[in-house]
Amino acid sequence: MAMYGELGQGRYLASEHTQGPWDPRTQHMGPVTALIARELARTAPRPGLELSRLVVDVFAPVPVAELEVTTEVVRDGKRVQCLAASVSSGGREYVRASAWRIREAETESTPARVPPAPIPPRSEEHARSWLCAGFGYGRALDWRFVTGGPLELGPASAWGRLTIPLVEGEETTPVERVAVFADSGNGISLARGFDTHLSVNVDLTISLFRAPVGEWILMDAATVIGPSGRGLTRSTLYDASGEIGTATQTLFVAPRPPDPP
């Protein structure tokens, strides 16, 4: 089964593989972000313009339900193009996004960092972990931790790849693979315990200085918590060839409410 079934005209039905860790009735933002990237790629495409920045603002948890994604061209220039997208369900808007495409031209590139470690072999410990067994999105990815681990506090780096299609019957593109994984920076580099604190991102910004290739993405992530209920996750993104860009998330942080008696 895929993360989404396509219903036509920008409408999709979410499957259990989109479920996030906080509530099984709501989606992880990784699949939603990848779905936005898919629809934007189909909006006014022009050869030579590549996605360079995607900003996603989350107004409320997205339900595991039927979604509608609408897009528009905000600015259409010769060398840059700005796009916008909106995700709604049941007549309510849950997510709004903007994106920049920049023209491709040959430039003398500066040295980029190489991945800090190759893809490690699959760990049975991680395969049995809460991350991989506890919710739909976690089970839909193959996780290979280089540093840190599921539910360990502190910075972490992990390779990941999507093991099922984003949309049923389609090959997932490298950009979609980045988008589905980039929202996990906060999850793999927890600064407060999952059982004791909520740490939910209200946005995601992905910036790419080159196009990703392949199915594996590495995220090297660190989260900091401020003194007034806010946090920030910063992640460096890699593919097997080297560094491709960054992802950042602004966090709402609060103690978990006690369980009802």
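Residues numbered from 1 in each chain as written. Predicted model: local features only at pLDDT ≥ 70, side-chain atom pairs only at ≥ 80, totals over all residues. Heavy atoms only, no water.

Colleague: What exactly am I supposed to notice about a nonpolar patch on the surface here?
Modeller: A contiguous nonpolar patch, built from Trp22, Val200, Val202 and Phe252 and spanning about 320 Å² of accessible area, is present on the exposed surface. Position of tryptophan 22 relative to the elements: it lies in the loop between strand E2 (11–14) and helix H1 (29–41). (Patch = residues over 30% accessible without salt bridge, like charges linked within 9 Å, V, L, I, M, F, W, Y side chains within 5 Å. Areas by Shrake-Rupley, 256 points an atom, 1.4 Å probe, with all protein chains shown as cover. Salt bridge = Lys/Arg side-chain N within 4 Å of Asp/Glu carboxyl O. Helix = DSSP H or I, 4+ residues; strand = E, 2+ residues; numbered from the N terminus.)

Colleague: Would you take a moment to explain the packing of H1 against helix H5 (residues 174–182) for this structure?
Modeller: Helix-helix packing is described using two parameters, namely the angle between the two axes and the distance between the axes. Running from N to C, H1 and H5 cross one another at 150 degrees; their axes reach a closest spacing of 7 Å. Judged by the inter-axis angle, H1 sits roughly antiparallel to H5. The hand of the H1/H5 crossing is right-handed. Facing H1, whose interface residues are Gly30, Pro31, Thr33, Ala34, Ala37 and Arg38, H5 presents Val175, Glu176, Ala179 and Val180. When grouped by side-chain class, the residues that make up the contact of H1 with H5 number six nonpolar, two polar and two charged. (Axes fitted to C-alpha atoms, helices over the stretch in contact; angles between N-to-C directions. Parallel < 35°, antiparallel > 145°, perpendicular 65-115°, else oblique. Left-handed = near helix turned anticlockwise from the far one by under 90°. Contact = heavy atoms within 4.5 Å. Nonpolar A, V, L, I, M, F, W, Y, C, P; charged D, E, K, R; others polar.)

Colleague: Is there a simple way to think about H5 in this case?
Modeller: It helps to recall that an α-helix has 3.6 residues per turn; residues three or four apart then point in one direction. Within H5, seven of the nine residues are buried, which leaves it mostly tucked inside the rest of the structure. Those residues of H5 not exposed but buried are Glu176, Arg177, Val178, Ala179, Val180, Phe181 and Ala182. (Buried < 20%, exposed > 50% of the residue type's maximum accessible area, 1.4 Å probe, protein only.)

Colleague: Sorry if this is basic, but what is going on with the pattern of salt bridges here?
Modeller: Scanning the entire structure with this criterion turns up 15 salt bridges. Of the charged contacts, one joins arginine 42 and glutamate 170 as a salt bridge, the two residues approaching to 2.9 Å between their closest N and O atoms. In this pair, arginine 42 sits in the loop between H1 and strand E3 (49–58) while glutamate 170 sits in the loop between strand E8 (156–162) and H5, placing the two residues 128 residues apart along the sequence. Judged by its relative accessible area of 26%, glutamate 170 is partly exposed. Each of the salt bridges in this network shares a partner with another, and the network as a whole consists of Glu6, Arg38, Glu39, Arg42 and Glu170.

Colleague: Just to check I follow, could you spell out H1 for this structure?
Modeller: Between its first and last C-alpha atoms H1 spans 18 Å; for 13 residues at 1.5 Å apiece the expected length is 18 Å, and the two agree. With twelve of 13 residues buried, H1 lies mostly within the body of the structure. Within the sequence span of H1, burial applies to Met29, Gly30, Pro31, Val32, Thr33, Ala34, Leu35, Ile36, Ala37, Arg38, Glu39 and Leu40. (Expected span 1.5 Å × (residues − 1).)

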